[in-house]
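Examination of the molecular architecture
This is what each chain is made of:
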Amino acid sequence: MSVSRIRWLRQLIPPLLAATLLTAGSAAGIRAATYQASIDVNTTGFNPPCDGDANYIVPKMQKAATAAYTRLGHVATSRTGSAFTRAGTLARTVNDWGYYVHSHGDYYWHSTDARRYTGFREDSGDCSQAVIFSKDIKAKRLGRQSNLVFVSTCHASDSNTTLPDAFAIAKTKSISPANQGPEFYVGYVGVRWDSDEWIFEQRFWNALANNQSAGAAFDIAMQGNFNDASFDADWWGTYTYGGVAGPWTVCPTCS
């Protein structure tokens, strides 16, 4: 079921039973299998000489995301500086169940295809920073399942974003009893400041840690003040999914 953004803001948190049914994997199951998550963080691009001001927020984002994915049952590894490259990201993505990236993002022009795709920049430890296009990720993943995908960049969740499809996440909002599997994509709308993104991300990760579903965690993260009154983000996926690593271990449609 797809719902409007206005409607989902008014949704009540689903019943506990529904949230339980739509949680992927028990703690025992998580320990028995390996579910990789990659955390890519562009530190260089937000600091001198690439940017005029020193940025002390980005390392906090990296640490928080790594801890969150680990808590959700992933084997989470974070990379920044020269370790976060286009080639490395594309080599790993085929095995990623979870993914977080903080970088510069936009609807970039692809000269070979003569069209635009949503994407984000590598770090690479310098200021050149090649773009990783959504089409690059899609070509590597070939439709494989994703769990929680958090694209902490500008324009990641604009209405024309092409990134959810790269991770095989349909751009629909499935609210109980509807679901589209253990998947959830979240990103920012328009141009956003790191300070507001950090406010949102702290609220989101804390809500997940307190056993809220990903959808409820999004709603909680949007509550309260931001430095920019027009701050906006959006999501697609299964509202009741708890963010836990791995495929379904219970029937997602049983009552």
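Further up the page is the structure itself.
Residues numbered from 1 in each chain as written. Predicted model: local features only at pLDDT ≥ 70, side-chain atom pairs only at ≥ 80, totals over all residues. Heavy atoms only, no water.

**Quick notes on the sheet that holds strand E10 (residues 233-238)**
Pairing in this open sheet of seven strands is mixed, and the strands run E2-E1-E3-E7-E9-E10-E8 from one edge to the other. The open sheet is flanked by strand E2 (75-80) and strand E8 (173-174), the only strands paired with a single partner. Bridge analysis of strand E1 (residues 36-41) against E2 gives six bridges, and the strand direction is parallel. Bridge pairing links valine 41 to threonine 80 in E2. (Pairing = 2+ DSSP bridges. Helix = DSSP H or I, 4+ residues; strand = E, 2+ residues; numbered from the N terminus.)

**Focus on the pattern of salt bridges**
Tallied over the entire structure, the rule returns six salt bridges. In this structure, arginine 92 engages aspartate 40 in a salt bridge whose closest nitrogen and oxygen atoms are separated by 2.9 Å. On the criterion of sequence distance, the pair formed by arginine 92 in helix H5 (residues 86-92) and aspartate 40 in strand E1 is long-range, its members being 52 residues apart. With respect to burial, arginine 92 and aspartate 40 carry one shared label: buried. Lysine 173 serves as the salt-bridge partner of aspartate 234, at 3.0 Å between the closest nitrogen and oxygen. With aspartate 234 in strand E10 and lysine 173 in strand E8, this residue pair connects regions lying 61 residues apart in the sequence. Residue class for lysine 173 comes out buried when judged on its relative accessible area of 4%. (Salt bridge = Lys/Arg side-chain N within 4 Å of Asp/Glu carboxyl O. Buried < 20%, exposed > 50% of the residue type's maximum accessible area, 1.4 Å probe, protein only.)

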